[in-house]
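Descriptive analysis of the structure
The residues making up each chain are set out below.
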Amino acid sequence: MTFPAAATKADPMILRGGKPLAGEVAIRGAKNAVPKIMVAALLTGEKCVLRNVARIVDVGISAELIHALGGEVSEPEPGVLEICAANLRPMERSVLRDFSGRSRIPILTCGPLLARFGMAPVPSLGGCRIGSRPVDFHLRALQELGATLHEEAHDAHLTAARLQGNKIRLDYPSVGATEQVILAAVLAEGVTELSNAAVEPEIMDLIMVLQKMGAVISVDVDRVIKIVGVKQLRGFDHTAIPDRLEAASWACAAVATNGRIYVRNAQQFPMMTFLNRFRQIGGDFRVDEHGIEFWRAGERLRSTAVETDVYPGFSTDYQQPFVIALTQADGVSIVHETVYEDRFGYVDALQRMGAQIQLYRECLGGLRCRFGQRNYKHSAVIVGPTRLRGADIEIPDLRAGFSYLIAALAAEGESRIANTRIIERGYENITAKLLALGADLRG
Ligand code: EPU
């Protein structure tokens, strides 16, 4: 089965700015949760049902991957996926080649494939180019669980008869490595205690799914996750959490264009940190039973100093859309990026649009960050408000892509934005949503 993203017909997308975005958009299952839950379905031969699934590229790639591994993926009704991995087969080299470089999801199949076949190839990975993004934590953790890593010239694979629970400590609370350990340890023998784990809401959603499947997992204080291995897991029926990162992106679009956007299905709790910061810069919001509405509290926005961090800190994925809002705020804002060493590459194009943003190698913030003194331009100083001008720009990565759209919509004149397909990796129906909000868009 193929699960293509609803295609953005506009590439390049031509946007004429200066008009507030106003109206309603609906969000569905989180891009950073759904593909991982699909991987969890490989841990059982029983039928799994996943609801609230958005038509985005990353979901499509995960569906193709499961299909290539012999699993079945169907969409019996819009937004609902049925997955059955009863006839799963080991990953062939050709499959590995096809998927390497397209997404970061294949690395997460290591645990399920080791559990089912005692062997898992190690893919080289794709995803957004926002830093080196190694997989050393993943491989080290799997070895600590008893897997053997075999490395040859152009091939690496892991083997294990049955993984064994262990005490593991991550050097940094990596989202992917935490998911790796959880997905590998649920069917391991004995107890695994993972410390310095990431606790993002999307990871909690994955844990909820695994608990439904029969796994025994507890999330203790101080980022410790305990997994008691079980012999087998069953199918699940689950509704994925809504995409908080997309909700925050629309919130930034609302204030940057001085508009008003109701994000249907947005939830307050996972966005608490963002909402505090949003209010601090002069955004306002109203939460109701079905979603959250975002707008500017007054005429003007205020500057701030913010550092990205692992959850419950201010997510690195909020950073780019938030920076666009800060270009419209009064005064000097500082953003210290502490999760990725190279997540300000998108700033060049904004400077061409007239934004006053300077990048610094220093840590401009109180957090001890891994990138200080290491020549990475990972702090930004933004002076606002600036009147942005339309420009021809090319999208380098997903979140930068969305923020270029906001910048173009806040700018005077016309912008031509190329490479819009990247946005479909994580944002569903972007053209239709922008049109519904009154954007002046051609493509
Ligand atoms: N890291 C290592 N070694 C590893 C793994 C990670 O050094 O083995 C480092 C990374 O280089 C990075 C930091 O640890 O500097 C955090 O990386 P993490 O593993 O947490 O990121 P990820 O799992 O690859 C997910 C999201 C990203 C999001 C990050 C952080 C998915 C598919 N991707 O990536 O989402 O930025 O967590 O929250 O879940 C996005 O949505 O635009 C996006 C990039």
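Residues numbered from 1 in each chain as written. Predicted model: local features only at pLDDT ≥ 70, side-chain atom pairs only at ≥ 80, totals over all residues. Heavy atoms only, no water.

All right, on to the sheet that holds strand β16 (residues 291-296) then. Sheet architecture is open: four strands sit in the order β2-β14-β16-β15, paired in mixed fashion. Of all the strands in the sheet, the pair left with one neighbour each is β2 (22-26) and β15 (283-288). Neighbour-to-neighbour, the strand axes of the sheet open up by a mean angle of 15°, direction not taken into account. Judged from the five bridges that link them, β2 and strand β14 (residues 260-264) form a sheet pairing that is parallel. (Pairing = 2+ DSSP bridges. Helix = DSSP H or I, 4+ residues; strand = E, 2+ residues; numbered from the N terminus. Axes fitted to C-alpha atoms, helices over the stretch in contact; angles between N-to-C directions.)

Now for helix α7 (residues 201-213). For α7, spanning 13 residues, the distance from its first C-alpha to its last is 19 Å, which sits close to the expected 18 Å at 1.5 Å a residue. Once α7 ends, the next one or two residues include Gly214, with phi positive near 110°. (Expected span 1.5 Å × (residues − 1).)

Here we take up unusual backbone geometry. For the bond running from Tyr311 to Pro312, omega is 10°, close enough to zero to count as cis. Tracing the chain through its elements places Pro312 in the loop between β18 (305-307) and α10 (319-326). In this model, Gly384 is joined to Pro385 through a cis peptide bond whose omega is 0°. Assignment of secondary structure puts Pro385 in the loop between β21 (379-384) and β22 (392-394). The phi dihedral of Arg223 is positive, around 60°, even though this residue is not glycine. Along the polypeptide, Arg223 turns up in the loop between β11 (216-220) and β12 (224-228). What makes Arg223 partly exposed here is its relative accessible area of 21%. Even without a glycine there, the phi angle at Asn258 is positive, about 55°. (Buried < 20%, exposed > 50% of the residue type's maximum accessible area, 1.4 Å probe, protein only.)

Space inside the second largest pocket adds up to approximately 350 Å³. Lining the second largest pocket are 20 residues; nearest its centre among them are Ala256, Asn258, Arg296, Gln328 and Ala410. Here the lining of the second largest pocket is composed, by residue class, of eight nonpolar, five polar and seven charged. (1 Å grid on protein atoms, 1.4 Å probe; cavity = no way out; pocket = protein on both sides within 12 Å on 5 of 7 lines; lining within 4 Å. Points joined across faces, edges and corners; volume = space filled by probe spheres on them. Nonpolar A, V, L, I, M, F, W, Y, C, P; charged D, E, K, R; others polar.)

Before going further, it helps to examine the site of the ligand. Near the ligand lie 23 residues; those nearest to it are Lys36, Asp136, Ser174, Val175 and Val339. Here Val339 contributes a backbone N or O atom positioned 2.6 Å from an oxygen atom of the ligand. Separating an oxygen atom of the ligand from a side-chain N or O atom of Arg370 is a distance of 3.4 Å. Summarising the interface, the protein chains cover 92% of the accessible area of the ligand, which totals 840 Å² for the free molecule. Taken together, the elements giving at least two residues each to the shell around the ligand come down to α5 (136-144), α6 (175-185) and α12 (398-410). Tallying contributions element by element places α5 first for the shell around the ligand, with three residues. Classifying every residue of the shell around the ligand gives nine nonpolar, five polar and nine charged. (Near = heavy atom within 4 Å. Polar contact = N/O pair within 3.5 Å; in protein donor to acceptor, adjacent residues only side chain to side chain. Areas by Shrake-Rupley, 256 points an atom, 1.4 Å probe, with all protein chains shown as cover.)

In this section: empty space enclosed by the protein. Enumeration over the complete set of coordinates arrives at one cavity of 30 Å³ or more. Around the largest cavity sit Ile27, Arg28, Gly29, Lys31, Ala54, Ile56, Asp243, Glu246, Gly426, Tyr427, Glu428 and Lys433, which together line it.

Right, let's get into the side chain of His238. Its location among the elements puts His238 in strand β13 (residues 237-239). Judged by its relative accessible area of 5%, His238 is buried. A distance of 2.9 Å separates polar atoms of two side chains, one belonging to His238 and the other to Asp205. Setting aside residues up to four positions removed in sequence, His238 forms contacts with Ile37, Val49, Leu50, Arg51, Asp205, Met208, Val209 and Lys212. (Contact = heavy atoms within 4.5 Å.)

In this description, a pair of aromatic rings is defined by centroid distance and the angle of the planes. Overall, the coordinates contain eleven aromatic pairs when judged by the stated rule. Ring geometry for Phe274 versus Phe278: centroids 5.6 Å apart, planes at 25°, classification stacked. In this pair, Phe274 and Phe278 both sit in helix α9 (residues 272-280), four residues apart, roughly one turn of the helix. The exposure classification of Phe274 matches that of Phe278, with both residues buried. Put simply, the rings of Phe274, Phe278, Phe294, Phe314, Tyr318 and Phe322 touch in pairs and so form one group of aromatic residues. Over the ring of Trp295 we find Arg260; its NZ or CZ atom is 4.3 Å from the centre of that ring. Between the NZ or CZ atom of Arg370 and the centre of the ring of Tyr172, over which it lies, the distance is 3.6 Å. (Phe/Tyr/Trp six-rings, centres within 6.5 Å; stacked < 30°, edge-to-face > 60°. Lys NZ or Arg CZ within 6 Å of the ring centre and 35° of its normal.)

A few words on the side chain of Ser195. When you line up the elements, Ser195 lands in strand β10 (residues 191-195). For Ser195, a relative accessible area of 15% translates into the label buried. For Ser195, the contacting residues outside a window of four places in its chain are Ile168, Arg169, Leu170, Arg223 and Val224.

In this section: the environment of Ile241. Considering the arrangement of structural elements, one finds Ile241 in the loop between β13 and α8 (244-256). Judged by relative accessible area, Ile241 falls into the buried class, the value being 19%. Taking C-alpha positions, Ile241 is 31 Å from Ile334, a pair spaced 93 residues apart along the chain. Apart from the residues lying within four places of it in its own chain, the contact partners of Ile241 are Arg28, Gly29, Ala30, Ala33, Asn52, Pro201, Glu202 and Asp205.

Along its sequence, the protein is organised into domain 1 (13-27 + 242-442) and domain 2 (34-239). Between the C-alpha centres of domain 1 and domain 2 the distance comes to 30 Å. Between domain 1 and domain 2, the residue contacts involve 22 residues of the former and 22 residues of the latter. Of the roughly 1,900 Å² buried between domain 1 and domain 2, counting both surfaces, carbon and sulfur atoms make up 51%. Broken down residue by residue, the surface that domain 1 buries against domain 2 is led by Val310, Tyr311 and Arg425, which jointly contribute 35%. Its salt-bridge partner being Glu202, residue Arg244 comes within 2.8 Å of it at the nearest N-O pair. At the junction of domain 1 and domain 2, the tally comes to six residue pairs in polar contact (both at pLDDT 80 or more). Its residues assigned to classes, the side of domain 1 that touches domain 2 shows ten nonpolar, two polar and ten charged. (Domains from an automatic or database assignment. Buried area = accessible area lost by both parts, 1.4 Å probe. Salt bridge = Lys/Arg side-chain N within 4 Å of Asp/Glu carboxyl O.)

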